[in-house]
Amino acid sequence: MKVMLWSEGSAVQVGSQALIDEWRGRDDAFLWVDLAHDVDAEHEARVLSEFGADEVVLEQSLALRYPPKIEVLHDDLVFMLLRGLDAQSDSIDFGTIQIAFLVGERFLIS
């Protein structure tokens, strides 16, 4: 898990869980939590739940394949599933990867 915290006029801080705790105590900060390198599905599910994801979002975001979609979960929470190009492709015959985003007013979970 990689966590980035920033606010207007300050440098981006890069770290881990401690930055999420700091973000919760501030109204002027923005947060990006990148779970791309997190190998523990239970940890990913905990983080997503903390930010308002329900069981359906957890299931779809952790699935190996699911059709792309955008869903408004609440007035201030959006869930997006996209299919991107696999970076390992070296020809016109390419693979795809699923990318999930949970977007709130002051945060992005990917």
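Predicted model only: the values in this text are computed from it and were never measured.

A. Main features of a nonpolar patch on the surface. A contiguous nonpolar patch, built from Trp6, Val12, Val14, Phe30 and Trp32 and spanning about 450 Å² of accessible area, is present on the exposed surface. Checked against the element boundaries, Val14 lands in strand 2 (residues 13–15).

B. The arrangement of helix 3 (residues 55–62) in detail. Among the residues of helix 3, those classed as buried are Val57, Leu58, Gln60 and Ser61. Where helix 3 is buried, its residues meet helix 2 (41–50), strand 4 (69–74), strand 5 (77–85) and strand 6 (96–104). Where helix 3 begins, the capping side chain belongs to Asp54, and its oxygen is found 3.2 Å from the backbone nitrogen of Val56.

C. Fine view of the layout of surface pockets. If you add up the space inside the largest pocket, you get close to 500 Å³. Of all elements in the fold, only helix 2, helix 3, strand 5 and strand 6 reach the threshold of two or more residues within the lining of the largest pocket. At six residues, the largest contribution of residues to the lining of the largest pocket is made by strand 6. Along the lines of polarity and charge, the residues of the lining of the largest pocket split into 15 nonpolar, four polar and three charged.

D. Main features of the pattern of salt bridges. Under the criterion given, the structure shown has four salt bridges. Here Glu22 and Arg26 are joined by a salt bridge, their closest N and O atoms 3.1 Å apart. Note on Glu22: relative accessible area 31%, which makes it partly exposed. Note on Arg26: relative accessible area 23%, which makes it partly exposed. Across the pair Arg26 and Asp28 runs a salt bridge whose closest N-O atoms are separated by 3.2 Å.

The rules behind each value
Residues numbered from 1 in each chain as written. Predicted model: local features only at pLDDT ≥ 70, side-chain atom pairs only at ≥ 80, totals over all residues. Heavy atoms only, no water. Patch = residues over 30% accessible without salt bridge, like charges linked within 9 Å, V, L, I, M, F, W, Y side chains within 5 Å. Areas by Shrake-Rupley, 256 points an atom, 1.4 Å probe, with all protein chains shown as cover. Salt bridge = Lys/Arg side-chain N within 4 Å of Asp/Glu carboxyl O. Helix = DSSP H or I, 4+ residues; strand = E, 2+ residues; numbered from the N terminus. Buried < 20%, exposed > 50% of the residue type's maximum accessible area, 1.4 Å probe, protein only. Contact = heavy atoms within 4.5 Å. Polar contact = N/O pair within 3.5 Å; in protein donor to acceptor, adjacent residues only side chain to side chain. 1 Å grid on protein atoms, 1.4 Å probe; cavity = no way out; pocket = protein on both sides within 12 Å on 5 of 7 lines; lining within 4 Å. Points joined across faces, edges and corners; volume = space filled by probe spheres on them. Nonpolar A, V, L, I, M, F, W, Y, C, P; charged D, E, K, R; others polar.

In short, geometric facts, not functional conclusions.
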